[in-house]
Amino acid sequence: MITENQYFDGNVKSLGYETAEGRSTIGIINPGEYTFGTAQKEIMHVIEGELTALLPDAAEWQNIKAGNSFEVPANSSFKVKANVQTAYLCQYR
C-alpha cells in the first residue's frame, strides 16, 4: 500500500511504502525551514538538491548535498532548511 503525506501547508509532500527492511518515504521539500519529529530512528538520504540540517544535540548546521545522508535517533526532533526544491528518501528503522 502507498500512503500520501503532506506537511507544512503542502510544502513537504511524500509517498510512504513498506518493504521487508521497514517503512520508508520518498518526497520533496520546498524551499523553507522546517522542524520534524520522529518516533523511530530515521535515515534521510538527499537524492537531489541540498539540505542544511540541525541535528539533535548539534550546535552547528550541516550541509547535506545530493548523494549524502544523515541519521536521527528515535524520539527526537531536527530542523532542515532547503534553498531549492529537494528530493529525499527517508528510511525508518
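Residues numbered from 1 in each chain as written. Predicted model: local features only at pLDDT ≥ 70, side-chain atom pairs only at ≥ 80, totals over all residues. Heavy atoms only, no water.

Caption draft 1: Region of interest: the sheet that holds strand β4 (residues 32–38). Ordered in space as β4-β9-β6-β7, the four strands form an open sheet in which the pairing is antiparallel. At either end of the open sheet lies a strand with only one pairing partner, and these are β4 and β7 (62–65). Here the average twist between neighbouring strands, direction ignored, is 30°. Examined bridge by bridge, β4 and strand β9 (residues 76–82) share seven bridges and lie antiparallel to one another. Residue pairing in the sheet places G32 in a bridge with A82 of β9. (Pairing = 2+ DSSP bridges. Helix = DSSP H or I, 4+ residues; strand = E, 2+ residues; numbered from the N terminus. Axes fitted to C-alpha atoms, helices over the stretch in contact; angles between N-to-C directions.)

Caption draft 2: Broad picture of the environment of E50. One can find E50 in strand β6 (residues 50–54). Note: C-alpha distance between E50 and T19 (31 residues apart in sequence) is 26 Å. With sequence-adjacent residues up to four places away left out, E50 is seen in contact with N63, I64, K65, K81, A82, V84 and T86. (Contact = heavy atoms within 4.5 Å.)

Caption draft 3: Spatial organisation of the pattern of salt bridges. Following the criterion strictly, the structure yields one salt bridge and no others. Linking K41 and E71 is a salt bridge whose minimum nitrogen-to-oxygen distance equals 3.3 Å. Of the two residues, K41 is situated in the loop between β4 and β5 (42–48) and E71 in strand β8 (residues 69–72); the sequence distance between them amounts to 30 residues. On the basis of relative accessibility, which here comes to 34%, the residue K41 falls in the partly exposed class. Taking the relative accessible area as the measure of exposure, E71 reaches 48% and is therefore partly exposed. (Salt bridge = Lys/Arg side-chain N within 4 Å of Asp/Glu carboxyl O. Buried < 20%, exposed > 50% of the residue type's maximum accessible area, 1.4 Å probe, protein only.)

Caption draft 4: Main features of the nonpolar core. Core analysis: the biggest nonpolar cluster contains 18 residues, and I29, L51, F70, F78 and V80 have the highest contact counts within it. Of all elements in the fold, only β4, β5, β6, β8, β9 and β10 (86–92) reach the threshold of two or more residues within this core. (Core = buried A, V, L, I, M, F, W, Y, C linked by side-chain atoms within 4.5 Å.)

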